[in-house]
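Fold and contact review
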Amino acid sequence: MKRYNVGIVGASGAVGEELALVLEEQKFPVAKFVPLASARSAGETISFGGKDYEILETTDEVFAKEQIEIAFFSAGGNVSARYVPSAVKAGALVIDNTSHFRMESDVPLVVPEVNSEDIALYKKRGIIANPNCSTIQMVHILAPLHRAFGIERVDVSTYQAVSGAGKKGVDELFTQMRHIVNFNIQECEAEVFAHRIALNAIPHIDVFLDNDYTKEEMKMINETNKIMHTNIPISATCVRVPVLRSHSESITIRFKDAIDSARVKEVLKNAPSVVLVDDVKNNQYPMPLIATETDQTYVGRIRVDNFDSRILHLWCVADQLRVGAATNAVRIAQKWIEL
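Definitions and limits used
Residues numbered from 1 in each chain as written. Predicted model: local features only at pLDDT ≥ 70, side-chain atom pairs only at ≥ 80, totals over all residues. Heavy atoms only, no water. Phe/Tyr/Trp six-rings, centres within 6.5 Å; stacked < 30°, edge-to-face > 60°. Helix = DSSP H or I, 4+ residues; strand = E, 2+ residues; numbered from the N terminus. Buried < 20%, exposed > 50% of the residue type's maximum accessible area, 1.4 Å probe, protein only. Polar contact = N/O pair within 3.5 Å; in protein donor to acceptor, adjacent residues only side chain to side chain. Contact = heavy atoms within 4.5 Å. Pairing = 2+ DSSP bridges. Axes fitted to C-alpha atoms, helices over the stretch in contact; angles between N-to-C directions. Parallel < 35°, antiparallel > 145°, perpendicular 65-115°, else oblique. Nonpolar A, V, L, I, M, F, W, Y, C, P; charged D, E, K, R; others polar. Salt bridge = Lys/Arg side-chain N within 4 Å of Asp/Glu carboxyl O.

**Considerations on the packing of aromatic side chains**
- Scanning the model with the defined rule gives eight aromatic pairs in all.
- Summarising the aromatic geometry, the rings of F33 and F48 are spaced 4.2 Å apart at their centres and angled 15° between planes, so their arrangement reads as stacked. Pair noted here: F33 is in strand β2 (residues 30-37) and F48 is in strand β3 (residues 45-48), with a separation of 15 residues, a long-range link.
- Residue F48 is classed as buried on the basis of its relative accessible area, which comes to 9%.

Right, here's the structure in full:
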């Protein structure tokens, strides 16, 4: 099997570290591992394959100099805007984990379990976009159900972990919890989030737009339809909660015809990268505790609406650093190799 020179831009960040871990776990055919980050992080080390690698500074020249063939970007939209053209010019396939290219018409937005055929469109720009973390786990659920039954509308509320805001989000929760445990609640300053996150829930992720939805909510709406090649009406409410890792979603789906929960469970049980956990008599249902550090989307609490037999309610959970970012990106690369 051919082996590839692989670069990770943002290697010192939470997603970058997870990418290195997933590449190693999946035994991805790496010939040369090149971790990249800002000048501030250059010189630090990251472990991969039992070795420590020095993180190099991200520059326009580094992609050609290191002969990078696959470049994972996970350092923020501004970094992708600045350096992705240089990576593509140097001949690398770029798999971008930021929102910068996602909605551009000539850049495929891919969840391999749903639209792997779109990977071939990378030839137009040399870029494949990795969707928003909350979008990925939702389309794992929606795509097989839409194929089986036909979806007319989706309403989703998310319960998103603090690590979705990076290491600084985790640190802020820990700091605030320490103050609360020590009865110093007045010292809980909010810097990363708009309000105190400890013992709270904040219905505000990313900036508010003119339509009073947040940018995060509109990402879920627009990205889902691009990935699934649909025009389904979707509404989203995204909430930050004091959970360390793994996002949860409460999803309400209206179908064209009356739905049966047993049939839904059968479809989801056989869907790729989906694990059905729905034994309420024994208190078995998806939670961040079981999803964290795994590569599947867990679904349960599946039930038909009491008043409309076309409406289904369910709950899903996935590790947003893996399923929602690193694992999906690596799966894209694996499918790309097969082209």
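**Looking at the side chain of D295**
- By the secondary structure assignment, D295 is in the loop between α9 (288-291) and β13 (297-304).
- Of note is the side chain of D295, whose polar atom sits 2.8 Å from the side chain of R322.
- Here T327 takes part through its side chain, which lies 2.6 Å from a polar atom of the side chain of D295.
- Apart from the residues within four sequence positions on either side, D295 is in contact with Q26, R322, V323, T327 and R331.

**Describing the pairing of strand β14 (residues 311-318)**
- Within β14, seven of the eight residues are buried, which leaves the element mostly enclosed by the surrounding structure.
- Two strands pair when backbone bridges link them, and β13 and β14 are joined in this way by five bridges, in the antiparallel orientation. Along β14, the bridge assignment pairs R303 with H313.
- Taking the residues that link successive antiparallel strands as the turn, the β13-β14 hairpin has six residues.

**Observations concerning the sheet that holds strand β6 (residues 70-73)**
- Ordered in space as β5-β2-β1-β6-β7-β8, the six strands form an open sheet in which the pairing is parallel. Both outer strands of the open sheet, β5 (56-57) and β8 (127-129), are each paired with one neighbouring strand and no more.
- By the bridge criterion, four bridges tie strand β1 (residues 4-9) to β6 in an arrangement that is parallel. By the bridge assignment, V9 is partnered in β6 with F73.
- Sitting on the sheet, helix α1 (residues 14-25) touches β1, β2 and β6, and the angle it makes with β1 is about 155°.

**Structural notes on the packing of helix α5 (residues 133-149) against helix α10 (residues 322-338)**
- It is at 8 Å that the axes of α5 and α10 come closest, and there the two elements cross at 70°. On the basis of the axis angle, α5 is roughly perpendicular to α10. Where α5 approaches α10, its residues C133, I136 and H140 are matched on the opposing element by V323, G324, A325, N328 and R331.
- Here the residues of the contact of α5 with α10 sort into four nonpolar, three polar and one charged.

**Brief notes about the sheet that holds strand β12 (residues 274-276)**
- In spatial order, the strands read β10-β9-β11-β14-β13-β12; together these six strands make up an open sheet with mixed pairing. In this open sheet, the two edge strands, each paired with only one partner strand, are β10 (234-240) and β12. Between one strand axis and the next, the sheet turns by 20° as a mean value, whatever way the strands run.
- Running at roughly 140° to β10, helix α7 (residues 215-228) makes contact with β9 (151-160), β10 and β11 (247-255) of the sheet.
- Its contacts with the sheet put helix α8 (residues 261-269) on β12, β13 and β14, and the angle it makes with β13 is roughly 170°.

**Brief notes about the pattern of salt bridges**
- Going through the model one piece at a time under the given rule, you end up with 20 salt bridges.
- Of the charged contacts, one joins R82 and D60 as a salt bridge, the two residues approaching to 2.8 Å between their closest N and O atoms. Here the residue R82 occupies a position in helix α3 (residues 77-89), and D60 occupies one in the loop between β5 and α2 (62-65), the gap between them amounting to 22 residues.
- Taking the relative accessible area as the measure of exposure, R82 reaches 43% and is therefore partly exposed.
- A salt bridge links D278 to K265, with the nearest nitrogen and oxygen atoms 3.7 Å apart. Within this pair, whereas D278 is found in the loop between β12 and α9, its partner K265 is found in helix α8, the two being separated by 13 residues in sequence.

**Looking at unusual backbone geometry**
- Positive phi values are uncommon outside glycine, yet K27 reaches one of about 55°.
- Residue class for K27 comes out exposed when judged on its relative accessible area of 71%.
- Positive phi, normally seen in glycine, also occurs at H229, with a value near 55°.
- Turning to its location among the elements, H229 is positioned in the loop between α7 and β10.

**Observations regarding the side chain of S235**
- Residue position: S235 is located in strand β10.
- In this view, S235 contacts R153, V154, D155, V156, Y213 and I221; residues no more than four positions away in its chain are not counted.

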